[in-house]
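Residue-level listing of the chains:
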Amino acid sequence: MAVDGARARTASGGRGRVTITDIARRAGVSVPTVSRVVNGRADVSPGTRARVEELLRRHGYRKRAAAPGRQAALLDLVFNDLDSPWAVEIVRGVEEVARAAGVGTVVSAVHGRSGDARQWMRNLRARASDGVVLVTSALDPVLHQELRILGVPLVVVDPAGSPALGVPTVGAANRAGAMAATEHLLALGHRRIGLIAGPARLLCSRARRDGYRAALEDAGLAVDESLIVPGDFRHESGFAACEVLLGLPEPPTAVFAASDQMALGAIEALRRRGARVPQDMSVVGFDDLPEVRWSAPPLTTVRQPLADMGRVAARTVLRPARDERPDSPRAELATELIVRSSTAPPPGPAAPSG
């Protein structure tokens, strides 16, 4: 590590700078000892490490590139969960950019538990990570403060809540995509359209619900709340929600599911009832995961540019390591309706017998 190239911004705003030599003098230790702490080396006594880390935090230390053009060496990609193909697409986009930049990627899941988050933060400090991409998660204020003190750049993909000021975000045009899906069903002649919604705590879910409502209202139709059933983006919730819709006195003729996995769950519920898609009920999803083009029937869905979202997030978080500013603090990528075989006009009245 080049000592004269390692500097830090103060936590108060970045005008004052402190060198690694200053930290060593204030801690009463040698410059190599501070360097070992900064680089996460284990050969430092606990008491000395704690004293040095406290000074680093107090002065907002951030390790900087030793020479112009040097890129970040490590990027952290953090999910709440990793049990869906949606996450795989994000990983694919991030890793593509990181690999081209010569940067390693560490993928973690914190499962929304504070203990997991604290352990991840301890691991991150030891790794001296140069950037964090946080996916579909609320940004905990304590976590945000710790990252800011450490000087680690952060980008949030598909934020769960309102993002913190100064934190770049990457998302998709969720409201526009949901409107396009609902308008497609309206254009086919459907008037009773069910919505299998995502978790209400997520911004993307609320935007998709808003798009569904807006399309109905623009068509002069009242929103029937009984046709809106909550889900959690997974297959099982789509299956259960479709069962609820099918149990209504007047079931919908079409369903818009706010994720592809819930749409596939809905199709399975229909299949078990002996109903045909799209002859008896049309189904639209959201995401365009690779698997849905091979479903039976191939799924009409809203393409969310998941891999592109990962690419944009990785480029954004790597910019500070090159002393560059992000292009924009808020990136919203366009969605696209992909029409396949799971949608058709509603079934007509039964032909008279005899």
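Residues numbered from 1 in each chain as written. Predicted model: local features only at pLDDT ≥ 70, side-chain atom pairs only at ≥ 80, totals over all residues. Heavy atoms only, no water.

Topic: the overall build of the chain
Turning to step 1, where the next piece is worked out: Counting its secondary structure elements, the chain contains 11 helices and 14 strands.
Turning to step 2, where the next piece is worked out: When contacts within the chain are restricted to residue pairs at least 6 apart in sequence, long-range pairs at least 24 apart make up 72% of them.
Turning to step 3, where the next piece is worked out: When the accessible surface of the chain is totalled, it reaches about 16400 Å², and 52% of it is carbon and sulfur. (Helix = DSSP H or I, 4+ residues; strand = E, 2+ residues; numbered from the N terminus. Contact = heavy atoms within 4.5 Å. Areas by Shrake-Rupley, 256 points an atom, 1.4 Å probe, with all protein chains shown as cover.)

Some thoughts on unusual backbone geometry
Turning to step 1, where the next piece is worked out: In this structure, the amide linkage connecting valine 277 to the following residue, proline 278, adopts the cis form with an omega of 10°.
Turning to step 2, where the next piece is worked out: Position of proline 278 among the secondary structure elements: in the loop between α10 (260–272) and β11 (282–287).
Turning to step 3, where the next piece is worked out: Going from alanine 296 to proline 297, the amide bond is cis rather than trans, its omega being 0°.
Turning to step 4, where the next piece is worked out: Structurally, proline 297 is set in the loop between β11 and β12 (300–303).
Turning to step 5, where the next piece is worked out: Backbone geometry places aspartate 158, a non-glycine residue, at a positive phi of 50°.
Turning to step 6, where the next piece is worked out: Positionally, aspartate 158 belongs in the loop between β6 (154–157) and β7 (169–172).

Things to note about the packing of helix α9 (residues 235–246) against α10
Turning to step 1, where the next piece is worked out: Interhelical geometry of α9 versus α10 gives an angle of 50° and a closest axis separation of 6 Å. When the interaxial angle is binned, α9 and α10 end up oblique. Note that α9 runs across α10; the crossing there is right-handed. Residues His235, Ser237, Gly238, Phe239, Cys242, Glu243 and Leu246 of α9 form the contact with α10, whose participating residues are Gln261, Met262, Leu264, Gly265, Ala266, Glu268, Ala269, Leu270 and Arg272.
Turning to step 2, where the next piece is worked out: Across the contact of α9 with α10, the residue classes break down as eight nonpolar, five polar and three charged. (Axes fitted to C-alpha atoms, helices over the stretch in contact; angles between N-to-C directions. Parallel < 35°, antiparallel > 145°, perpendicular 65-115°, else oblique. Left-handed = near helix turned anticlockwise from the far one by under 90°. Nonpolar A, V, L, I, M, F, W, Y, C, P; charged D, E, K, R; others polar.)

Fair warning: the whole summary comes from geometry, so function is off the table for now.
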